[in-house]
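Fold and geometry: a report
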Amino acid sequence: MSAALQGPRAEPLTPPSSVPTLARRAPWLALAVGLGLTLFAWDQSVHALKSEQQHRFSLRVGALHSQLADRLAVYEQVARGAASVVTAFPAIHSAEWRHFVDGLRIPERYPGIIAVAYARATPANRGQDLVAAMRADGADNFRIWPESAGAERVVNIFAAPASEGNNRALGFDMMSEAIRRNAIERARDSGEPTATRAITLKIDETSGAQPAFILYQATYRDDRAAATPSARRAGFTGVVLTPVRIAPLIDGLFTDDQRDVGVEIYDTPAATEFPLYRNGPQRQDAPQFSAMQSLMVGGQAWAVRYANLANADLGGQPWVPSAVLVAGLTLSLALFQMMRSMTATRARALILADRITASLRRQEVERHQLFTQAPLGIALIDHDGLIMDCNPAFAQAAGLSRAELIGADMRLRAADQSAVVALDAALQGDSGKLEIDQPLLMGGRRGHFSLHVQPVTSDREFLFALVFVEDVGDKRRAEQHIQYLAHFDALTGLPNRVLLFDRIAQALKEARRDGDKVAVLFIDLDRFKVINDSLGHSFGDEVLRSVARRLQAGVRESDTVGRLGGDEFLIVARQVKDPSDAAQVAEKVVAHLASPFNVGGQSFVVTPSVGISLFPDDAEDAEGLIRCADIAMYNAKESGRNGYRFVTREMGTKSRDRMDLEGNLRHAIAQGELFLVYQPQVDTANGHIVGMEALIRWRHPHEGLILPGRFLPVAEETGLVVAMGDWVLNEACAQIRRWKDMFGLDIPVAVNVSGAQFRDGQLPIKVARALDANGLTGPELEIEVTESTLIEDIDGATATLNALKERGVLIALDDFGTGYSSLSYLHRLPIDKLKIDRSFIHDLSIGVSNASVPRAIVGLGRSLGLSVIAEGVETEEQLQLLRDLTCESYQGFLFSRPVPAEQLDPLLAKLTALRALPISAMPVSPPPAQPTAPASPAP
């Protein structure tokens, strides 16, 4: 059968040669002559049509251009007529002017004219007289703008018809802009109407620019204009102006049903690249007809370009060239077909026979290629079960050569009995599908095969059976791998979240049946982020794999260890009798992870924080147990890490309160519930205020005032502290600007910066933006940073602080002495001030410690050329101790609580008035008898 399928090769078609050459060529010669005559006649008709259309277009352009010139001449007459009214009645009032202009019916008769206005000439030093006169005439809000002026002003005093835009232009000094001033001077010197170049009208500056120009007609003291320019300047009293929008001016030339010509206007003849106005979209193709005309408008030369629109009716009989072409082609083709049919009947028959033969051969070759190149194995089985033929894919699947397979009895050679049953059913006329995990035929290759056996019949008579074979081993293995990835963690090989939920559900089912408990242990590795950040993620992945192996080694076979993601693991402990069993599992986890890990030549210890929840004590489903264990895990972290905690009701309440506080804080930032208070910083020697610190507060609509000690930890944990810090920075700079404007404030205002805000790399840019937005130079702002923030990355901190110093900002080191105080980094960092932590000041007053630490800080600051300030000063005793230590300044409840900005205004006003005298230390609000805990600083 394969030999028959191959067949002979297809031969190329050749036309029969029995027809004489001249007879074959005659139809083509007749066709060529006919086509030539047709094209000649079509070309002549096209030229005639184009000439007629060009003539019609020229007539249309001439009419439009004349209308446009006439309309502009009329508009100049309007300006002249209005100027005559002003000359005849120099003391005309605004009501009389509106009555005169309303009589002109501007919107109906003069499309494009926005108003007819009068601008009076007045010397710059007589402007207030004009304002008084206009207000006496009823224009109560009349003013001349802009305020700056030259020696002479030409001020718009009347404009009609009355409209909001025309009223807004009243008082405008026409001489304040070069284009208007140039046109007015030309009108004044010539006595003729003069137009500006293309401008944007003042009434259009807020609503969107529209191309327009203004016609000016000068007015003089006498009825007649003087003969010379100098005499005209001497008698010049003002100008009548008619602002004209170009779009309505041009659109008024066309009716709604006759928009056949495109118009483009250029305000100088040479500027023909960018039009001043176009009455339609720009054409992408070149117009068929166009013409360029010049036009004088008030002494200003316009170039007007006319072009036919794409859909315009150009007149004539445009169907004639097409009719000539169609008729000529029809006659030529008819003659060609008639002559060809007389000579080509025999040739067509021969060609048709050759084509049919070639098509049969091609189909035969295609069937053979389909059979041999099919990716599926195909075999033809006769009614005795013998293999008649097979393709290479079937031989490859069977693992035998084609020669070995032809003639083989498939029922005897089949290795799987189910294949024999399916073949017998096909020989009886029934199709079947099955999968086998055996060799296709005995002695062949083993694999996982999908078989489809299909009988082939003709007129209900069995011809043969087709067996289709596909090796699905790779597909099944891929499906198994996908199934594995869906349930197991790719990094550690542990069950993932999906499988863990299933294991918990199974454990809960068994516990309900047997009356046992189920423990869920939520494990989070302490400070694992440090490993990833310092040693790299590939190193961290290896640590996670090592942790997974230790966790698996420390639990029972019935328990399940899984990974939720990141550095979070979960243990599901079955058959738990009481909480002590779960505690033993947690202790094993802590113990197994206590020994050092050796990864990549590094030795270190990874400690876990473990949270435990129990079924049915804490929750009755997988999600609830994991949530409770998560809450307990966070409690273990807060309790010092490297330990475990059972979940309690109080933990759940605390977690919910924290979530509520986070949501309320997000709402507070968005709704503006945060505000700033300010605490003065005072010189210890003379009592002068030397600075202030901005502190953040939260006014909750229901709970009232919330202090930073409650909401700042949540903001730092959730990342909201960055947005909050940006708001504090901008608000403090705005308040500095207000104080500088009110009191000439020249003392710095300190703003605290959180570690997250300092490390995001954008702090210098944000500070510069806030300073520039409020017109500040830099020394007015002081940035406070804790030493623990700086010590994390000395190089990066130095670069950030240097950038701030370049902007002129002062730098203060907050909470100094509580952490990593070291001369090595103090020498490197551009710091201006050291701030003694409030804990040292408090210990001084109660005698817990001596003054050695504050004295050392003051001495260190003096040796480095830094100023020193103490915070948290609440008693006279503490202040006297600071004076003995020669500490430069202090802040605290002794002088003033943190108060809103408006409460500091009287004190700053007094400071401004008595700047040369010392100010007694008096609080803005009376200090409490026993000061409460000091407010936490803003982020």
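What comes next concerns the included structure. In this text the structure is predicted, and so the values were computed from the model without any measurement. (Residues numbered from 1 in each chain as written. Predicted model: local features only at pLDDT ≥ 70, side-chain atom pairs only at ≥ 80, totals over all residues. Heavy atoms only, no water.)

Before going further, it helps to examine the packing of helix α23 (residues 708-718) against helix α24 (residues 720-743). Viewed as axis vectors pointing N to C, α23 and α24 meet at an angle of 115°, and their least axial separation amounts to 5 Å. Between α23 and α24, the angle falls in the class roughly perpendicular. Residue-level inspection shows Phe711, Leu712, Ala715, Glu716 and Thr718 of α23 in contact with α24, the latter providing Leu720, Val721 and Met724. Split into classes, the residues belonging to the contact of α23 with α24 amount to 6 nonpolar, 1 polar and 1 charged. (Axes fitted to C-alpha atoms, helices over the stretch in contact; angles between N-to-C directions. Helix = DSSP H or I, 4+ residues; strand = E, 2+ residues; numbered from the N terminus. Parallel < 35°, antiparallel > 145°, perpendicular 65-115°, else oblique. Contact = heavy atoms within 4.5 Å. Nonpolar A, V, L, I, M, F, W, Y, C, P; charged D, E, K, R; others polar.)

With that out of the way, let us pick up the pattern of salt bridges. Evaluated as defined, the whole model comprises 34 salt bridges. Of the charged contacts in the structure, one is a salt bridge between arginine 278 and glutamate 264, with a shortest N-O distance of 2.9 Å. Of the two residues, arginine 278 is situated in strand β7 (residues 277-278) and glutamate 264 in strand β6 (residues 261-266); the sequence distance between them amounts to 14 residues. Taking relative accessible area as the criterion, arginine 278 reaches 27% and is therefore assigned partly exposed. A salt bridge links lysine 637 to aspartate 524; the nearest nitrogen and oxygen atoms lie 2.8 Å apart. Highlighted residues: lysine 637 in helix α21 (residues 622-638) and aspartate 524 in strand β15 (residues 517-525), separated in sequence by 113 residues. With respect to class, lysine 637 is no different from aspartate 524; both count as buried. (Salt bridge = Lys/Arg side-chain N within 4 Å of Asp/Glu carboxyl O. Buried < 20%, exposed > 50% of the residue type's maximum accessible area, 1.4 Å probe, protein only.)

To continue, consider the nonpolar core. Core analysis: the largest hydrophobic core is formed by 75 residues, its most contacted members being Tyr678, Trp739, Val767, Leu781, Ile783 and Ile836. Ranked by the residues each element gives to this core, the list is headed by α24, at 10 residues. In terms of nonpolar packing, the next biggest core, distinct from the first, is built from 51 residues, Val61, Trp97, Leu249 and Leu295 among them. (Core = buried A, V, L, I, M, F, W, Y, C linked by side-chain atoms within 4.5 Å.)

So, about the pairing of strand β10 (residues 377-381). Of all 5 residues in β10, 5 are buried, a share of seventy percent or more. Burial of β10 is two-sided: the residues Gly377, Ala379 and Ile381 facing one way and the residues Ile378 and Leu380 facing the other way are all buried. Examined bridge by bridge, β10 and strand β14 (residues 461-471) share 5 bridges and lie antiparallel to one another. Bridge pairing in β14 links isoleucine 381 to alanine 465. Bridge analysis of β10 against strand β11 (residues 387-390) gives 3 bridges, and the strand direction is antiparallel. (Pairing = 2+ DSSP bridges.)

Attention now moves to α23. Along α23, the positions that sit buried rather than exposed are Pro708, Phe711, Leu712, Val714 and Ala715. Looking straight down α23, one finds its buried side chains confined to an arc of 165°; they lie on one side. Relative to its buried face, α23 has exposed residues pointing more than 90 degrees away, namely Gly709, Glu716 and Glu717. Two residues or fewer after α23 comes glycine 719, characterised by a positive phi angle close to 85°. (Arc of directions from axis to C-beta.)

A few words now on unusual backbone geometry. Cis geometry marks the peptide bond from tryptophan 145 to proline 146, where omega comes out at -5°. Mapped onto the elements of the fold, proline 146 is located in the loop between α5 (127-136) and β2 (152-160). Cis geometry marks the peptide bond from alanine 160 to proline 161, where omega comes out at 0°. Position of proline 161 among the secondary structure elements: in the loop between β2 and α6 (164-168). Phi at asparagine 642 is positive, roughly 50°, even though this residue is not glycine. Relative to the helices and strands, asparagine 642 resides in the loop between α21 and β21 (643-646).

Backbone hydrogen bonds hold the strands of a sheet together, and the pairing may be parallel or antiparallel. Across the sheet, 5 strands lie side by side as β2-β1-β5-β4-β3; this open sheet has antiparallel pairing. Unpaired on one side and paired on the other, β2 and β3 (194-195) mark the two borders of the sheet. Across 4 bridges, strand β1 (residues 116-123) lies against strand β5 (residues 236-245) in antiparallel orientation. Paired with tyrosine 118 across the bridge in β5 is valine 240. Its contacts with the sheet place helix α3 (residues 94-103) against β1, β2 and β5, and it is angled at close to 60° to β2. Running over the sheet, helix α7 (residues 178-190) touches β2, β3, β4 (212-220) and β5 and is turned about 40° from β4.

Bringing a nonpolar patch on the surface into the picture now. A cluster of nonpolar residues, Leu35, Leu329 and Leu333, forms a patch on the protein surface that exposes about 220 Å² of accessible area. Within the secondary structure layout, leucine 333 lies in helix α10 (residues 319-343). Residue classification places leucine 333 among the partly exposed residues on the basis of a relative accessible area of 44%. (Patch = residues over 30% accessible without salt bridge, like charges linked within 9 Å, V, L, I, M, F, W, Y side chains within 5 Å. Areas by Shrake-Rupley, 256 points an atom, 1.4 Å probe, with all protein chains shown as cover.)

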